[in-house]
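# A structural walkthrough
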Amino acid sequence: MPVFEYVAIDALGKNCKGILAADSAASARHALLQRKLFVKSLSAAQADAVVEKTPTRSGWQMPVLFSGVTRQQLTGATQVLATLLEAGLPLDKALSGLIENMPTAPAQRVFSHILERVKEGWELSAALAEHPRVFPDTYIHMVRAGESSGTLQIVMSNLSTYLERQYALKRKLQAAMMYPCFILVFGALVISILLLYVIPEVTRIFIDLKRDLPVPTVILIAVTDFMRSYWPLMLGGLVGLFLAMLRVMRIPAVRRVLDRIILHLPVIGPIVHEAAMARLTRSLGTCLKQGVTLLDAVDIGAAVAGNTVFTEAMAAVREKAQQGAGITEPMRATGVFSPIVLQLASAGEQSGQLDTMLLTVARMLEAEVENRVTAASSVVEPALILAMGAVVAFMVVAVMLPIFEMSSLIG
């Protein structure tokens, strides 16, 4: 069924726009008139414009012609779709109801294209797979498993819970890091303003006196002169260094080394390690619970771990599991999983409840990550404040020492 984009005027005289699936342009106009919308413009939305291109064999990725669905929007859409399916609506009607409630035009385009594919006879998982930037592999595999088992409504409900937990953990991590980042940026900005504008005006008086100055004052004057002379080069160098680091980090060998270094850092390392295990175990447990095969679940878990150390470890686990070695012993052989993960995974394998045990350990790890982030923030924030205070105190001392010397000479 074609998809149309429209701009119309409602009963209150306000402009509104949206997307509508209809058999023809005339049907679309009729449907809009029934909604008491007076059409200003109506055009067919190109389905190909919302299909995302996949990487080619050479590794070069073709331009993506559509993006714009946030993870929060995807979570909300999954919840609505699960509710409509549980209410007994067929899939096409549930998707139509979902499209009407989508908050943004990009999201409406994606789900309108999916609805069009479903009405053409496609399976939902195949339609979702045309948008890899919107729907992660975990999502697509679980939907495919739900279609195979006839439990799509249950799978969608569990998917919404999975996405909500993942999003909540991400938001908590971002919220915990926001205040330290604000302190760092604000402190750096204040110190830069002092060094570039305030301190030079004060120290000019001491230079005009042509007297020997204390060492802290000499250092401060040298720093301010250097920053005032070369700040464009310093700023450009920092931007260039940042862009170069982003490019270098895309090199697999460099990314592998950096990921290993991060895992061994004093405070950040344990947080990153446990966050990666939490993502991996939750994804693995959720996939297994919905009927995804073990090998596919291991692949998905490796993809969402977010660290190449765990990605390579899960590749080794998959190879051994494919040979019938189970999952616990191959995980133990990698040396990257904590004892609690291995113990609960082993208990789950022996009792036939591996999915339940993995979800249990995921909840434990997520709680531990939150505790570690809170503890780290309580240490980092005072440390940053003290560091900024030390810099400001040095500048105050460097300015006040010559004043004290002059006052003693006058006295």
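Counting of residues starts from 1 at the beginning of each chain's written sequence and follows it residue by residue. At least 70 in pLDDT is required for a residue's local features to be given in this predicted model, at least 80 for side-chain atom pairs to be given and counted, and no such filter applies to totals for whole chains, interfaces and linings, which use all residues. For side-chain calculations, the full set of non-hydrogen atoms in the structure is used, while hydrogens and water are omitted.

This part takes up the overall build of the protein chain. Under the DSSP-based scheme used, a helix requires at least four consecutive residues in state H or I and a strand at least two consecutive residues in state E, with every element numbered from the N terminus. Secondary structure assignment for the protein chain yields 15 helices and 3 strands. Just to be clear, the radius of gyration here is over C-alpha atoms, and the globule rule we use is 2.2 Å times residues to the power 0.38. Here the C-alpha radius of gyration of the protein chain, 29 Å, is well above what a compact globule of 411 residues would show, namely 22 Å. Each principal axis of the C-alpha distribution contributes one length, and for the protein chain these read about 95 × 65 × 40 Å. Here the protein chain holds 411 residues, and 36% of them are scored as buried. Only heavy atoms enter the contact rule, under which two residues are in contact if any of them lie within 4.5 Å. Counted over contacts in the protein chain with a minimum sequence separation of 6, partners at least 24 positions apart contribute 62%. Total accessible area on the protein chain stands at roughly 22700 Å², and carbon and sulfur atoms take up 63% of it. The charge count treats Lys and Arg as positive and Asp and Glu as negative. His and the chain ends do not count. One atom stands in for each charge, and that atom is NZ of Lys, CZ of Arg, CG of Asp or CD of Glu. For the protein chain, the separation between the mean place of its 36 positive charges and that of its 33 negative charges on side chains is 4 Å. Relative accessible area decides the class of each residue, using a 1.4 Å probe on protein chains only: under 20% of the type maximum gives buried, over 50% gives exposed, and in between gives partly exposed. Working definition of accessibility: Shrake-Rupley area with a 1.4 Å probe, residue cover restricted to the visible protein chains.

Moving on to the environment of Arg-117. With respect to the helices, strands and loops of the structure, Arg-117 is situated in helix H4 (residues 105-119). Among the residues examined, Arg-117 registers a relative accessible area of 14% and is labelled buried. Once the C-alpha coordinates of Arg-117 and Asp-92 are considered, the two residues, 25 residues apart in sequence, prove to be 9.8 Å apart. What Arg-117 contacts, discounting residues up to four positions off in sequence, is Trp-122, Ala-127 and Glu-130.

Let's shift gears to the layout of surface pockets. If you add up the space inside the largest pocket, you get close to 620 Å³. Buriedness of a pocket was judged along seven lines, with at least five required to meet protein on both sides within 12 Å; pockets are open sets of points on a 1 Å grid over the protein atoms alone, cavities are sets where a 1.4 Å probe fits but cannot get out, and lining residues have an atom within 4 Å of a point. Around the largest pocket, the lining comprises 24 residues; the ones closest to its centre are Met-177, Ile-262, Ile-268, Ile-271 and Val-272. Across the lining of the largest pocket, the residue classes break down as 18 nonpolar, 3 polar and 3 charged. Grid points are joined across faces, edges and corners, and a volume is the space filled by probe spheres set on the points. Put simply, the second largest pocket is a space of about 460 Å³. Around the second largest pocket, the lining is made up of 13 residues, and of these Arg-71, Gln-166, Lys-170, Arg-279 and Val-304 lie nearest the centre. Take the lining of the second largest pocket: its biggest share by element is 8 residues, from helix H7 (residues 152-209). Residues were grouped as follows: Ala, Val, Leu, Ile, Met, Phe, Trp, Tyr, Cys and Pro as nonpolar; Asp, Glu, Lys and Arg as charged; and all remaining residues, including Gly, as polar.

One finds Phe-111, Ile-114, Phe-135, Tyr-139, Met-156, Phe-310 and Phe-337 to be the most contacted residues of the largest nonpolar core, which totals 65 residues. Examining the composition of this core, we find that 7 residues originate from one element, helix H10 (residues 268-289), more than from any other. By nonpolar core we mean a set of buried residues, namely Ala, Val, Leu, Ile, Met, Phe, Trp, Tyr and Cys, connected to one another through side-chain atoms within 4.5 Å. Counting residues in hydrophobic clusters, the runner-up holds 11 residues, among them Ile-199, Phe-206, Met-227 and Val-399.

Stacked, edge-to-face and tilted labels apply to pairs of Phe, Tyr and Trp rings (six-membered ring for Trp) whose centres lie within 6.5 Å, assigned for plane angles under 30 degrees, over 60, and everything in between, in that order. This model, assessed by the stated rule, comprises 5 aromatic pairs. Taken together, a centroid distance of 5.2 Å and an interplanar angle of 50° make the contact between Phe-135 and Tyr-139 tilted. A relative accessible area of 0% places Phe-135 in the buried class. Each ring, one from Phe-226 and one from Tyr-230, has its centre 5.1 Å from the other, and the planes form 40°; the classification is tilted. Here the residue Phe-226 and the residue Tyr-230 both occupy positions in helix H8 (residues 215-248), the gap between them amounting to 4 residues, near one helical turn. Residue Tyr-230 is classed as partly exposed on the basis of its relative accessible area of 41%. Taken together, the ring pairs connect Phe-111, Phe-135 and Tyr-139 into an aromatic cluster. Geometrically, a lysine NZ or arginine CZ counts as sitting over a ring once it is within 6 Å of the ring centre and also within 35 degrees of the ring normal. Just above the ring of Trp-122 sits the side chain of Arg-117; from NZ or CZ to the centre is 4.6 Å.

This part is about the confidence of the model for the protein chain. The predictor attaches a confidence to each residue, called pLDDT, with possible values from 0 through 100. Averaged over all residues, the pLDDT of the protein chain is 81; the fraction at 70 or higher stands at 91%. Counting interchain partners and residues more than four positions distant, the pLDDT-below-50 stretch residues 47-67 has 33 contacts.

Moving on, we get to the side chain of Thr-286. You can see Thr-286 is positioned in helix H10. Relative accessible area serves as the criterion here: at 6%, Thr-286 is assigned to the buried category. Apart from residues lying up to four places away in sequence, Thr-286 is in contact with Met-142, Tyr-162 and Leu-359.

Once that is clear, we can look at a nonpolar patch on the surface. Candidate patch residues must exceed 30% relative accessible area and have no salt bridge, after which like charges are joined if within 9 Å and Val, Leu, Ile, Met, Phe, Trp or Tyr side chains if within 5 Å. By definition here, a salt bridge exists when the distance from a side-chain nitrogen of Lys or Arg to a carboxyl oxygen of Asp or Glu is within 4 Å. Taken together, Met-249, Val-257, Leu-258, Ile-261, Ile-262, Leu-265, Val-267 and Ile-268 make up a surface patch of nonpolar side chains, about 610 Å² in accessible area. Top contributing element to the nonpolar patch by residue count: helix H9 (residues 252-263), with 4 residues. Counting through the fold element by element, Leu-265 comes out in the loop between H9 and H10. A relative accessible area of 34% places Leu-265 in the partly exposed class.

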